[in-house]
Amino acid sequence: MIPIMKPDYSLDDLRLFWLVARSGSYKKASQESGVPLSTLSRRISVLEDALTVRLLERNAHRVTLTESGEEYLDRCGPLFDELNDITHQLYSAKQSAKGKLHVAAPINLAQQWFVSLLSRFMLQYPQIDIELTISNKNIDLIENHVDLAIRVGEMTTPDWIVRHLTDIPFCLCMSTEMATNSAVSLSHPQALIHYPVVVSKPVQHWRLIHSVTQEEFNFDVAAKARFKVDDLHTAMNAVLAGIGIGLFPVTMVAPYIAAGKLQIVLPEWQGRRRPVYLLYRDRVNMPHRLRLLIDFILEQIPAEIHYRGQSC
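Fair warning: this is a prediction, and the values are worked out from it, not measured in the lab.

> Sorry if this is basic, but what is going on with the overall build of the chain here?
The number of helices and strands found in the chain is 10 helices and 12 strands. Every one of the 312 residues in the chain was classed for burial, and the buried ones make up 39%. Accessible area for the chain stands at about 17800 Å²; split by element, carbon and sulfur atoms hold 51% of it.

Okay, structure coming up:
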C-alpha cells in the first residue's frame, strides 16, 4: 500500500524552484526574487526533501532539471505563469487611469452638482467607468463595494478616511402666494406651530440659529409635518405649490426667490449648517483611478456648493 503524502511543502519554495528552472540559474533567480543564493539553495533542498524527489542537478556551470523536475515544472509552471500574469494585470490596473469606480452620493447633491462633476471627470479620463448609487439612505459602503462616497451630516463611519468638503446653510421658505394669504405674523420660530410644514426625511427636527444673537431653537417637525418625503426637490415642489413651509439649502431655493416664487421666512433665523464629507477607504493601497477622482473632486467642486459666506 502506497503511503499518503502530506502536502507540507511551501508554495514559496515551489515558486523559487519555478524561478530557478525558468532562468536556468540560481544567480538569476536570486536576483529576481531578492532571496540570497545560500537561502535559495537551502529552500530548494527543503522542497526536494518534502517531495522526496530530486528536482535539479547542480554543478559549477549550470542547473539542469531532472526528469521529475521537468514533469513537476510542466504541471506547476503554467500555474505560476498565470499567477504572474494576473499579478501584473492587477498592478497595472492599480497604476493606470482606467477601470471602474463605484461611487455613492445623496440624491439632492447628485442632482445639483455631483453628476455634472463626474461627467467632466469621465470626459477627461475616458477609460475610467463610474457606477453611481444615489440614495438618501446611508448604504453599507463595504457591503456594496463602494470606493468613494459623498455624505451629509455628522459621520459615524469607522475605518474610513473622512475629508470635509464644505458646509451647507439652510433657510426657511414658503410660496409667495402662501405668504400673501397668511394671517399669522412670523417673528420667532415658535410661531411655526401655526403653519403646516413640509419635511424632507429623515429629518426629525429643524435646528434654527439666530444670525445675530446665536440663540438656538429646535422645532419638532416630525409631529407637525403635513407632507413628508425623502427627496428635497419633491419637498421644494410641495412648498412651491403652497403646501407649507420648508427648510432648504440656500443655493437650492435662490433661483425661486429671485423669480418671486418663494419668500424667505424668518430671514434672521437660519438652519444649522450641515457638513458635506468625502469618504474613501485607504490611502496606502488606493488605485490610481480613485486618487485621480479624489483630486478632481477637491479641485473641481463647482462654485455653487461653496456656501460659506452666502446667506438668504
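> Whenever I open this one, the pairing of strand β3 (residues 99–105) confuses me. Can you help?
Every regular strand shows the same layout, with side chains that alternate between the two sheet faces. Where burial is concerned, most of β3 is hidden: five out of the seven residues are buried. Here β3 runs beside strand β4 (residues 128–134); their pairing, made up of seven bridges, is parallel. In the sheet register, K100 faces β4, and the bridge partner there is D129. Where the polypeptide runs from β3 across helix α5 (residues 107–124) and back to β4, its parallel neighbour, the crossover connection is right-handed. When β3 meets strand β5 (residues 148–152), the two strands line up parallel, connected through two bridges.

> Is there a simple way to explain helix α9 (residues 250–258) in this structure?
Along an α-helix, a turn takes 3.6 residues, which lines up residues three or four apart on a common side. All buried positions along α9 are accounted for by V250, T251, M252 and V253. At the C-terminal side of α9, G260 shows a positive phi close to 80 degrees.

> In this structure, what is going on with the packing of helix α1 (residues 11–23) against helix α2 (residues 26–33)? I would like to understand it.
In a packed pair of helices, the relevant descriptors are the angle between the two axes and the axis-to-axis distance. Interaxial distance between α1 and α2 falls to 8 Å at its minimum, and their mutual angle equals 130 degrees. Between α1 and α2, the interaxial angle falls into the category oblique. Between α1 and α2 lies a crossing whose hand is right-handed. Between α1 and α2, the contacting residues are L16, L19, V20, R22 and S23 on the first element and Y26, K28, A29, E32 and S33 on the second.

> How do you make sense of the packing of aromatic side chains when you look at a structure like this?
The geometry of an aromatic ring pair is captured by two quantities: the separation of the ring centres and the angle between the planes. Counted under the stated rule, the structure contains five aromatic pairs. With 5.4 Å between their ring centres and 75 degrees between their planes, W113 and F114 make a pair best called edge-to-face. Between W206 and F219, the aromatic rings sit 6.0 Å apart at their centres with planes inclined by 45 degrees, giving tilted as the arrangement. Of this pair, W206 sits in strand β8 (residues 205–210) while F219 sits in strand β9 (residues 216–220), placing them 13 residues apart in sequence. Put simply, the rings of F121, Y125 and F296 pair up and form one aromatic cluster. Sitting above the plane of the W18 ring, R22 keeps its charged end 4.5 Å from the centroid.

> What am I meant to see in the nonpolar core here?
Nonpolar side chains in soluble globular proteins tend to be buried together. F114, L148, L172, W206, I245, L293 and I297 are the most contacted members of the largest nonpolar core, which has 47 residues in total. Top contributing element to this core by residue count: α5, with seven residues. L293 has contacts with L101, V103, L118, F121, I130 and L148, leaving out every residue within four places of it along the chain.

> Is there a simple way to think about the confidence of the model for the chain in this case?
Any segment with low pLDDT has predicted coordinates that should not be analysed in fine detail. Looking at the chain as a whole, the pLDDT averages 84, with 88% of positions reaching at least 70. Predicted confidence in the chain is weakest over helix α4 (residues 67–95), with a mean pLDDT of 72, and strongest over β4, with 95. In the predicted structure, residues 306–312 sits below a pLDDT of 50 and forms 25 contacts with residues beyond four places in sequence or in another chain.

> In this structure, what is going on with a negative patch on the surface? I would like to understand it.
A contiguous patch of negative charge on the surface is contributed by E67, E70, E71 and D74. Structurally, the position occupied by D74 is in helix α4. Judged by its relative accessible area of 59%, D74 is exposed.

> Help me understand the environment of L101 in this model?
Within the secondary structure, L101 is located in strand β3. Taking the relative accessible area as the measure of exposure, L101 reaches 1% and is therefore buried. Ignoring any residue separated from it by four or fewer positions in sequence, one finds L101 in contact with I128, D129, I130, E131, D147, R289, L290 and L293.

> Help me out: how do you make sense of the pattern of salt bridges in this one?
Close approach of charged atoms allows side chains of opposite charge to pair. Inspection of every chain in the model, using the stated rule, returns five salt bridges. Among the ionic pairs, R43 bridges to D13, the shortest N-O distance being 2.6 Å. On the criterion of sequence distance, the pair formed by R43 in helix α3 (residues 37–51) and D13 in helix α1 is long-range, its members being 30 residues apart. Owing to a relative accessible area of 21%, R43 belongs among the partly exposed residues under this scheme.

> Even after reading the chapter, I still don't get the side chain of T66, so can you show me in this structure?
Turning to its location among the elements, T66 is positioned in the loop between β2 (63–65) and α4. Of note is the side chain of T66, whose polar atom sits 2.6 Å from the backbone oxygen of R54. When neighbours within four sequence positions are excluded, T66 is seen to be in contact with R54, L55, L56 and E57.

> It is not clear to me how unusual backbone geometry should be interpreted in this structure. Could you clarify?
With the exception of glycine, most residues fall at negative phi, and the peptide bonds are largely trans. The backbone of T52 shows a phi angle near 60 degrees, a positive value even though the residue is not glycine. Structurally, T52 is set in the loop between α3 and β1 (56–58).

> How do you make sense of helix α8 (residues 232–240) when you look at a structure like this?
For α8, every residue scored as buried is listed here: L232, A235, M236, A238 and V239. Looking straight down α8, one finds that the buried residues subtend no more than 155 degrees of arc, so they occupy a single side. In the stretch just after α8, G242 is the one whose phi turns positive, near 90 degrees.

The rules we used
Residues numbered from 1 in each chain as written. Predicted model: local features only at pLDDT ≥ 70, side-chain atom pairs only at ≥ 80, totals over all residues. Heavy atoms only, no water. Helix = DSSP H or I, 4+ residues; strand = E, 2+ residues; numbered from the N terminus. Buried < 20%, exposed > 50% of the residue type's maximum accessible area, 1.4 Å probe, protein only. Areas by Shrake-Rupley, 256 points an atom, 1.4 Å probe, with all protein chains shown as cover. Pairing = 2+ DSSP bridges. Right-handed = clockwise from strand over helix to strand, strands pointing away. Axes fitted to C-alpha atoms, helices over the stretch in contact; angles between N-to-C directions. Parallel < 35°, antiparallel > 145°, perpendicular 65-115°, else oblique. Left-handed = near helix turned anticlockwise from the far one by under 90°. Contact = heavy atoms within 4.5 Å. Phe/Tyr/Trp six-rings, centres within 6.5 Å; stacked < 30°, edge-to-face > 60°. Lys NZ or Arg CZ within 6 Å of the ring centre and 35° of its normal. Core = buried A, V, L, I, M, F, W, Y, C linked by side-chain atoms within 4.5 Å. pLDDT = per-residue confidence, 0-100. Patch = residues over 30% accessible without salt bridge, like charges linked within 9 Å, V, L, I, M, F, W, Y side chains within 5 Å. Salt bridge = Lys/Arg side-chain N within 4 Å of Asp/Glu carboxyl O. Lys, Arg positive; Asp, Glu negative; His and termini not counted. Charge placed at Lys NZ, Arg CZ, Asp CG, Glu CD. Polar contact = N/O pair within 3.5 Å; in protein donor to acceptor, adjacent residues only side chain to side chain. Arc of directions from axis to C-beta.

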